[in-house]
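What the coordinates show
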Amino acid sequence: MALKTDELAIKQKLVKAAISLYTEETENFSIAALAKKTRIKKVDIFKIFPSKRAILDYYYPLCVMRYRQMVMEVDDFDEWELEERLANFAYAMFDLLGEEREFVDIHFRKQIFRQSDTRFHRDTKILFEEFLRDVCCSEWIATFLANEYMHVIYFWLNDDSDDSERSIALVDKSTAFLGELVRSEKLAAKGVDLTKYLIANNVIKVPFSKNLLTKFFQWIP
């Protein structure tokens, strides 16, 4: 256990230093510069990470690990509803990713969002599977949610509202819809509420006039 803890501490040290170098000089970030900054030999760095990209990518799984540690301290977390757990994860990750917002703003768009099978995707999927453990087709749903969650982060990065209010509203409406979907109750009302918000904030596009859509929603009780 001590060995794993020490290795994780070294990984965290390398990632933190790598992010600092990357944000200072993105194109010229190198293992040599990282070795100099951390005083860890290049050969030892390569024993832990296969490439400089792998070091930077590891920031996101580290955030997921930190989230897991956070919820371990919540006694009744397993009793929370699905939407509460999903929303809690999204809110916590906004804070965790926000600690290195400048880095995430650059790196996530270039290296994570455009991919579909990063360690971050996989770790998020595994976490969602745990949230969905009693739900039919949990693996498929978790895969879908993990991929769509990357769009939530992208939305958050582009969100210029006060205190990320639009992102929080997106999470609230999305998780509420998913919770109702799983329970199959009040699904239509939640679906309409979510759809209106997504369209109003240009998260999704519709092939017809928004004015016509607004009139349509007014007909729905």
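Residues numbered from 1 in each chain as written. Predicted model: local features only at pLDDT ≥ 70, side-chain atom pairs only at ≥ 80, totals over all residues. Heavy atoms only, no water.

Some remarks on the environment of Arg 109
For the record, the criterion: Labels follow the DSSP assignment, with helices taken as runs of H or I lasting at least four residues and strands as runs of E lasting at least two, numbered in each case from the N terminus. The cut-offs for exposure are 20% and 50% of the maximum accessible area for each residue type, with area from a 1.4 Å probe on protein chains only; residues under the lower value are buried, those over the upper are exposed, and the others partly exposed. Note on contacts: a residue pair qualifies if any of its non-hydrogen atoms lie within 4.5 Å across the two residues. Whenever two N or O atoms come within 3.5 Å, that pair is a polar contact, provided that in protein one can donate a hydrogen and the other can accept it, and provided that, for residues adjacent in sequence, both atoms are side-chain atoms.
When you line up the elements, Arg 109 lands in helix α7 (residues 101-112). Arg 109 gets classed as partly exposed once you look at its relative accessible area, which sits at 21%. For the pair formed by Arg 109 and Ile 153, sequence separation is 44 residues and the distance between their alpha carbons is 9.6 Å. If near-sequence neighbours (up to four positions away) are discounted, Arg 109 is found in contact with Val 104, Arg 114, Tyr 154, Leu 157 and Asn 158. One polar contact links Arg 109 to Asp 105, side chain to side chain, over a distance of 2.7 Å.

Some words on the packing of helix α6 (residues 82-98) against helix α9 (residues 138-157)
Between two packed helices, both the angle of their axes relative to each other and the distance between the axes serve to describe the pair. As a reminder of what qualifies: For helices, the fitted line uses only the C-alpha atoms of the stretch in contact; every axis is such a line through C-alpha atoms, and the angle between N-to-C directions lies from 0 to 180 degrees. Small angles under 35 degrees read as roughly parallel and large ones over 145 as roughly antiparallel, with 65 to 115 read as roughly perpendicular and the rest as oblique. Note on convention: the crossing is left-handed when the near helix lies turned anticlockwise from the far helix by less than a right angle, right-handed when the turn is clockwise. Basically, the charged four are Asp, Glu, Lys and Arg, the nonpolar ten are Ala, Val, Leu, Ile, Met, Phe, Trp, Tyr, Cys and Pro, and anything else, Gly included, counts as polar.
Contact geometry of α6 with α9 gives a least axis separation of 11 Å together with a crossing angle of 50°. Considered as vectors, α6 and α9 are oriented oblique to each other. Judged by the sense of rotation from one axis to the other, the crossing of α6 with α9 is right-handed. Of the residues in α9, those touching α6 at Phe 89, Ala 90, Met 93, Phe 94, Leu 97 and Gly 98 are Tyr 149, Val 152, Ile 153 and Trp 156. Tallied by class, residues from the contact of α6 with α9 come to nine nonpolar, one polar and no charged.

Considerations on the layout of surface pockets
As a reminder, the rule being used: Here the term cavity refers to a set of points on a 1 Å grid, laid over the protein atoms alone, in which a 1.4 Å probe fits but cannot get out; the term pocket refers to an open set having protein on both sides within 12 Å along at least five of seven lines, with lining residues being those that place an atom within 4 Å of a point. Grid points are joined across faces, edges and corners, and a volume is the space filled by probe spheres set on the points.
In this model, the largest pocket occupies a volume close to 760 Å³. If you go around the largest pocket, you meet 34 residues; those closest to its centre are Leu 145, Glu 148, Val 152, Ser 174 and Leu 178. For the lining of the largest pocket, the elements supplying multiple residues, two or more each, are α6, α9, α10 (165-183) and α11 (187-200). The element contributing the most residues to the lining of the largest pocket is α9, with ten residues. For the lining of the largest pocket, the per-class residue count stands at 25 nonpolar, six polar and three charged.

Remarks on the packing of helix α5 (residues 59-72) against helix α8 (residues 119-131)
In the contact formed by α5 and α8, the axes pass within 8 Å of each other and the chain directions differ by 25°. Comparing their axes, α8 and α5 come out roughly parallel. Between α5 and α8 the crossing geometry is left-handed. Contacts from Tyr 60, Pro 61, Val 64, Met 65, Tyr 67 and Arg 68 of α5 reach α8 at Arg 119, Phe 120, Asp 123, Thr 124, Ile 126, Leu 127, Glu 130 and Phe 131. Residues belonging to the contact of α5 with α8 are distributed by class as follows: nine nonpolar, one polar and four charged.

Here's the deal with the side chain of Ser 167
Here Ser 167 shows up in helix α10. Overall, Ser 167 belongs to the buried group, its relative accessible area being 1%. In this view, Ser 167 contacts Phe 94, Phe 155, Trp 156, Asp 159 and Tyr 197; residues no more than four positions away in its chain are not counted.

Comments concerning the nonpolar core
Using the following cut-off: Definition of nonpolar core: a set of buried residues of the types Ala, Val, Leu, Ile, Met, Phe, Trp, Tyr and Cys, connected through side-chain atoms within 4.5 Å.
Within the largest apolar cluster, 55 residues are counted, with the highest numbers of intra-cluster contacts made by Phe 120 and Tyr 149. Residue contributions to this core peak at ten residues, all from α6. Beyond its immediate chain neighbours, meaning those up to four positions away, Tyr 149 contacts Phe 89, Ala 90, Met 93, Phe 120, Thr 124 and Phe 128. Grouped together as the second largest cluster of nonpolar side chains are five residues, Phe 155, Leu 194, Tyr 197 and Leu 198 included.

Notes on the confidence of the model for the chain
Quick reminder of the rule: Think of pLDDT as the predictor's per-residue confidence, scored from 0 to 100.
Mean pLDDT over the chain stands at 85; residues scoring 70 or higher make up 83%. At the level of individual helices and strands, the chain shows its lowest average pLDDT in helix α12 (residues 210-219), which scores 44, and its highest in α6, which scores 97. For the stretch residues 206-213, pLDDT sits under 50, and the model shows seven contacts to residues farther than four places along the chain or on other chains.

Quick word on α5
Count 3.6 residues to each turn of an α-helix, and residues three or four apart come out pointing the same way. Note the following rule: Any helix carries an expected span of 1.5 Å times its number of residues minus one.
End to end, α5 covers 20 Å across 14 residues, agreeing with the expected 20 Å (1.5 Å per residue, within 8%). Buried within α5 we find Tyr 59, Tyr 60, Pro 61, Leu 62, Cys 63, Val 64, Tyr 67 and Val 71.

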